[in-house]
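Notes for the structure review
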Amino acid sequence: MNIKGRFLKFIFVTLRIKKYQFLSDCKRVEGNLLMYHPVLLKGPGRIVFGKNVQVGVISSPNYYTHYAYFEAKSENSEIIIGNNTAINNGFSAIALSKISIGNNVLIGVNCSVIDSDGHLLDPQKRNHDLLNAVDVNISNNVFIGSNVVILKGVTIGENSVIGNGSVVTKNIPANVIAAGNPARVIRSL
């Protein structure tokens, strides 16, 4: 890489990564993360990264403009990511209870996982913190396409593929391709 390339990488990548590390306030982070993209780690809960977990892809959308966001919202919240998992740019995971992502998982651009509704639906109680959270489990060797949303209580079975733009509201069995809004099984692998 030439001097100009190294300078641009320092300004637009390295400094952004350092900024988000500085802004992160989660004190219970375990494991080492390969960061090619800024990552913000928030909350009093626990965030665990397995071996060889990568966040960010250089030649992919949102590389210079977005960041990954992990929030373990309460003392008992957990986000656990297994070994050899690759997460593309613009990812977010917000856990009030537990989000578990297995080994060898591939996650596309601009995906999000949340284990609660975020707010109550009742207008009188909408601003209260009494949320219903249900664990999310993404099994080993799952491939999640770009722009996918995975909602509370979902389990995605081993080896399954979730198509681009899907909203996953119910469990997906192992060894299938699922897509749509809401996501449904299209065929077996």
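Summary of the structure given here. Note that the structure is a prediction, hence the values are computed from the model and not measured.

Counting its secondary structure elements, the protein contains one helix and 20 strands. Since a compact globule built from 189 residues should have a radius of gyration of about 16 Å, the 17 Å found for the protein is in line with a globular shape. Principal axes of the C-alpha set define a box for the protein whose edges measure 55 × 40 × 30 Å. Taking all 189 residues of the protein together, the buried fraction comes to 41%. Sequence-distant contacts in the protein: of pairs separated by 6 or more residues, those separated by 24 or more amount to 34%. Surface exposure of the protein reaches about 10100 Å², of which carbon and sulfur atoms provide 54%. Here the protein holds 19 positive side-chain charges and 11 negative ones, and the gap between their average locations is 12 Å.

Another point: the sheet that holds strand β15 (residues 149–150). With respect to topology, six strands assemble into an open sheet ordered β3-β6-β9-β12-β15-β18, the strand pairing being parallel. Pairing within the sheet leaves two strands with one partner each, and these edge strands are β3 (39–42) and β18 (167–168). The sheet contact formed by strand β9 (residues 92–95) and strand β12 (residues 112–114) spans three bridges and is parallel. Residue pairing for β12: Ser92 is matched across the bridge by Ser112.

Tallying each qualifying case throughout the model produces five aromatic pairs. In this structure an aromatic cluster arises from ring pairing among Phe12, Tyr63 and Tyr64.

Here we take up the pairing of strand β10 (residues 98–101). Looking at chain direction, strand β7 (residues 78–81) and β10 are connected through four bridges and run parallel. When the sheet's bridge partners are listed, Ile80 is paired in β10 with Ser100. By the bridge criterion, three bridges tie β10 to strand β13 (residues 136–138) in an arrangement that is parallel. Residue pairing in the sheet places Ile101 in a bridge with Ile138 of β13.

Time to look at the pattern of salt bridges. Tallied over the full model, the rule gives six salt bridges. With a shortest N-O distance of 2.9 Å, Arg46 and Glu30 are connected by a salt bridge. Here Arg46 is found in strand β4 (residues 46–49), whereas its partner Glu30 is found in strand β1 (residues 28–30), with 16 residues between them in sequence. Between Glu71 and Lys73 there is a salt bridge whose closest N-O contact spans 3.6 Å.

Here the focus is the nonpolar core. Of all hydrophobic cores here, the largest spans 37 residues; its most connected members are Phe70, Phe91, Ile138, Ile144 and Ile150. No other element matches the three residues that strand β6 (residues 68–72) contributes to this core.

Across four bridges, the pairing between β6 and β9 is parallel. Paired with Glu71 across the bridge in β9 is Ile94.

Our focus in this paragraph is a nonpolar patch on the surface. Residues Phe7, Leu8, Phe10, Ile11, Phe12, Leu15 and Tyr64 make up a contiguous nonpolar surface patch of roughly 670 Å² in combined accessible area. Among the structural elements, Tyr64 can be located in the loop between β5 (53–55) and β6.

Attention shifts here to the sheet that holds strand β19 (residues 176–180). Read from one edge of the open sheet, eight strands run β2-β5-β8-β11-β14-β17-β19-β20, paired in mixed fashion. Lying at the two open borders of the sheet, with one neighbouring strand each, are β2 (33–35) and β20 (183–188). Where strand β11 (residues 106–107) meets strand β14 (residues 143–144), two bridges bridge the pair, whose relative direction is parallel. Looking across to β14, one finds that Leu106 is bridged to Phe143.

So, how was this worked out
- Every residue gets a number counted from 1 within its own chain, in the order that chain's sequence is written.
- Where local features are concerned, this predicted model is filtered to residues with pLDDT of at least 70; where side-chain atom pairs are given and counted, the filter is 80 or more; whole-chain, interface and lining totals use all residues.
- Working from all heavy atoms in the structure, the side-chain values ignore hydrogens and water.
- Counting from the N terminus, the helices are DSSP H or I runs at least four residues long and the strands are E runs at least two residues long.
- The quantity called the radius of gyration is restricted to C-alpha atoms. Its globule counterpart is 2.2 Å times the number of residues to the power 0.38.
- Residue exposure (1.4 Å probe, protein chains only): buried if accessible area is under 20% of the type maximum, exposed if over 50%, otherwise partly exposed.
- Contacts are residue-level and defined by heavy atoms, with any inter-residue pair within 4.5 Å sufficient.
- Each accessible area is a Shrake-Rupley result for a 1.4 Å probe, and residues are judged covered by the shown protein chains and nothing else.
- Residues counted as positive are Lys and Arg, residues counted as negative are Asp and Glu, and His and the chain ends are not counted.
- Working definition for charges: the position is that of NZ of Lys, CZ of Arg, CG of Asp or CD of Glu.
- When DSSP finds two or more bridges between a pair of strands, those strands are recorded as paired.
- Each Phe, Tyr or Trp ring, with Trp reduced to its six-membered ring, pairs with another whose centre is within 6.5 Å; inter-plane angles below 30 degrees give stacked pairs, above 60 give edge-to-face pairs, and intermediate values give tilted ones.
- Note on definitions: salt bridges are taken to be side-chain nitrogens of Lys or Arg within 4 Å of carboxyl oxygens of Asp or Glu.
- What makes a nonpolar core is a set of buried Ala, Val, Leu, Ile, Met, Phe, Trp, Tyr and Cys residues whose side-chain atoms join them at distances within 4.5 Å.
- Surface patches are defined over residues having more than 30% relative accessible area and no salt bridge, joining like charges when they lie within 9 Å and nonpolar side chains (Val, Leu, Ile, Met, Phe, Trp, Tyr) when within 5 Å.

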